[in-house]
Every structure is written in C-alpha cells, then in structure tokens.
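Here is what each chain is made of, one letter per residue.
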Amino acid sequence: MDINQLKKAAADEAAKFVEDGMMLGLGTGSTVFYLVEAVAKRVREENLHITTVSTSSRTAKQASDLGIKVIDINDAPTLDLTIDGADEIDEHFQGIKGGGAAHLLEKIVAINSKRNIWIVDQSKMVKTLGAFPLPLEVIPFGSEKVYQRLAAENLHPEFRLTEDGQRVRTHNKNFVIDLHVGTIEHPHILADWLDHQTGIVEHGLFLDLVNQVVIGKESGVEIINAPR
Ligand code: 5RP
C-alpha cells in the first residue's frame with residue numbers, strides 16, 4: 001500500500017476523536033494535511049463548532065481555507081486535544097519531531113494541550129530513537145559556536161539546507177541543525193543536555209508527551225495508548 005494511503009488512514013481515524021465544542025491543536029506535515037481535510041469534512045457535514053490553534057502558517061492556511069476557525073494560541077484557553085504527526089516513535093512512546101522544522105511551535109502547542117495524539121504510518125514506529133536525524137532550532141547569532149560544541153560532543157551536527165543550498169529558516173527565522181546520532185539510548189539525558197545549551201531554542205525530542213498513537217498499517221489502523 002502507498003505510504004500516503006497509510007497516513008490518510010491514520011488521519012481519518014484520528015479525526016473521529018474531535019468533538020463538538022473542542023479547542024483543538026493542529027500539527028504540521030503531510031499526515032496532518034489529511035487530518036485537516038478530515039476534520040473540515042466533519043465540521044461541514046456534522047456542523048461541529050470547533051476552534052483550532054495551528055503549529056505552522058501552512059496548516060493555518062489550509063484549515064482556514066477549509067472553513068475551520070483558527071485563532072492565536074495566546075488567545076486560546078488550554079487546548080482539549082492536539083493531533084500531530086511524528087518522525088519516529090519508540091516503544092516507550094518517546095518521539096522525534098521537527099522533520100518539517102516546526103518542532104518549536106509544535107512543542108509549545110503540545111505542552112499546552114490536555115491530550116496529545118500522534119498520527120503516523122507504520123514506518124515511523126521504531127525500537128530506539130535516532131535513525132531519524134534529531135532537529136534543533138538554533139538562533140543564528142553564534143550558531144557556528146553551537147555547531148562546534150555539538151560536534152565536540154560527537155553529535156554529528158549538520159545545518160539543514162534548502163534545495164538551493166541556503167540554510168533553512170524556521171517560522172521564527174532561526175536555523176535548523178540536525179543531529180545524526182544513529183541511536184539515542186538515553187533520550188532524557190540527551191534532552192536535558194540540549195535544554196541547557198545556550199543558543200538552542202528547542203530540540204525535537206518530545207518526551208512523555210503523547211497519550212495515544214494512531215498508526216496506519218498495511219493490516220489496518222491500530223490505536224495504542226501510552227501509559228500516562
Ligand atoms: C514537522 C513535524 C511533523 O509532524 C513530522 O515531520 C511528520 O511529518 P509527516 O507527517 O509529513 O511525515 O514534526 O516539524
């Protein structure tokens with residue numbers, strides 16, 4: 001089955017968790033694209049009244065173009081639910097996000113949400129995190145120094161580049177450095193170290209955050225609950 005069909009299947013299933021009156025967080029990425037379509041369909045067909053907060057201008061535009069109400073997170077009360085994609089999820093429900101360079105906004109929305117659901121195709125489920133490069137959002141000022149510190153720690157940093165060789169800029173005009181670690185045996189220890197490095201605004205380790213994972217598999221959609 002095509003990977004996009006698996007993403008769509010997971011997104012369609014997760015859209016069923018949206019309830020009338022909800023304050024909903026919307027993530028970013030190709031899987032969330034299908035989610036926004038599915039939520040918009042429910043809003044139209046079931047006359048749901050929901051309000052959303054978005055984690056990127058891309059998602060905000062798609063949602064509002066489809067008639068979903070989008071507000072600024074600063075004007076929103078605590079979110080009832082956020083549904084987002086992920087790049088890797090390990091067997092302890094820890095995740096890597098930021099493949100789309102939106103992890104700073106995604107984490108702000110996630111930590112302000114009562115519940116978090118991740119929607120993925122089966123290829124994102126791994127035993128141990130780290131095969132997917134770990135994204136960092138880094139302030140341009142002094143970013144070469146941050147890079148050198150990361151290299152000295154053997155974290156194999158690489159500035160993320162656009163197709164034409166420019167450094168990728170995030171929503172907040174920061175750079176992205178990806179860490180090619182290979183295997184992250186102790187995600188909490190790495191997250192704690194990264195949290196203390198001046199110049200790194202946010203990293204893509206999303207630990208102890210997700211409540212449910214909706215997985216699009218060849219055999220159908222599986223929903224698994226995190227023990228929290
Ligand atoms: C963006 C993200 C995305 O959620 C993640 O990259 C998954 O994307 P996709 O659904 O396109 O595979 O973290 O920063």
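For the structure itself, consult the block above.
Just so you know, these numbers come straight off a predicted model, no measurement behind them. (Residues numbered from 1 in each chain as written. Predicted model: local features only at pLDDT ≥ 70, side-chain atom pairs only at ≥ 80, totals over all residues. Heavy atoms only, no water.)

Novice: Please provide a residue-by-residue account of the overall build of the protein, values included.
Specialist: Across its full length, the protein carries 6 helices and 14 strands. For a compact globule of 228 residues, the expected C-alpha radius of gyration is about 17 Å, and the protein comes in at 17 Å, within 12% of that figure. If one aligns the C-alpha atoms of the protein with their principal axes, the spans along those axes are about 55 × 35 × 35 Å. Counting every position in the protein, which comprises 228 residues, the buried fraction comes to 51%. Put simply, 74% of the contacts in the protein that link residues at least 6 apart link residues at least 24 apart. Roughly 10900 Å² of accessible area belongs to the protein as shown, and the carbon and sulfur atoms make up 51% of that amount. (Helix = DSSP H or I, 4+ residues; strand = E, 2+ residues; numbered from the N terminus. Rg over C-alpha atoms; globule rule 2.2 N^0.38 Å. Buried < 20%, exposed > 50% of the residue type's maximum accessible area, 1.4 Å probe, protein only. Contact = heavy atoms within 4.5 Å. Areas by Shrake-Rupley, 256 points an atom, 1.4 Å probe, with all protein chains shown as cover.)

Novice: Please give an account of the pairing of strand 1 (residues 23-26) that cites residues and values.
Specialist: The alternating pattern of strand 1 places Met-23 and Gly-25 and Leu-24 and Leu-26 on opposite faces, both of which are buried. Inspection of the sheet shows strand 1 paired to strand 2 (residues 51-54) by 4 bridges, in the parallel sense. Bridge pairing in strand 2 links Leu-24 to Thr-52. Handedness of the crossover is the feature at issue here: the chain leaves strand 1, passes through helix 2 (residues 30-46), returns alongside strand 2, and the resulting connection is right-handed. When strand 1 meets strand 4 (residues 79-84), the two strands line up parallel, connected through 3 bridges. Note on strand 4: the bridge partner recorded for Leu-24 is Leu-81. (Pairing = 2+ DSSP bridges. Right-handed = clockwise from strand over helix to strand, strands pointing away.)

Novice: With reference to specific residues and values, describe the sheet that holds strand 6 (residues 95-96).
Specialist: For sheets, the rule is that strands pair by backbone hydrogen bonds, running either parallel or antiparallel. Spatial strand order, 5-6-12: 3 strands in an open sheet with antiparallel pairing. Where the open sheet ends on each side, the last strands, each with one partner, are strand 5 (88-89) and strand 12 (205-206). Summarising the sheet, strand 5 and strand 6 pair through 2 bridges and their orientation is antiparallel. Pairing of Glu-88 across the sheet is with Ile-96, part of strand 6.

Novice: Account for the packing of aromatic side chains, with residues named and values stated.
Specialist: Tallying each qualifying case throughout the model produces 4 aromatic pairs. The interplanar angle of 80° and the centroid separation of 5.9 Å between the aromatic rings of Phe-33 and Tyr-34 together place this pair among those described as edge-to-face. On the numbers, 5.5 Å between centres and 10° between planes, the contact of Tyr-147 with Phe-159 is stacked. One end of the pair, Tyr-147, is in helix 5 (residues 143-152); the other, Phe-159, is in strand 9 (residues 157-159), with 12 residues separating them in the sequence. Assessed through its relative accessible area of 28%, Tyr-147 is described here as partly exposed. For Phe-159, a relative accessible area of 11% translates into the label buried. What links up through ring pairs into an aromatic cluster is the set Tyr-147, Phe-159 and Phe-175. In this structure, Arg-167 is placed above the aromatic ring of Phe-159, and the distance from its NZ or CZ to the ring centre is 3.7 Å. The ring of Phe-175 has Arg-167 sitting right over it, with the charged end atom 5.3 Å from the ring centre. (Phe/Tyr/Trp six-rings, centres within 6.5 Å; stacked < 30°, edge-to-face > 60°. Lys NZ or Arg CZ within 6 Å of the ring centre and 35° of its normal.)

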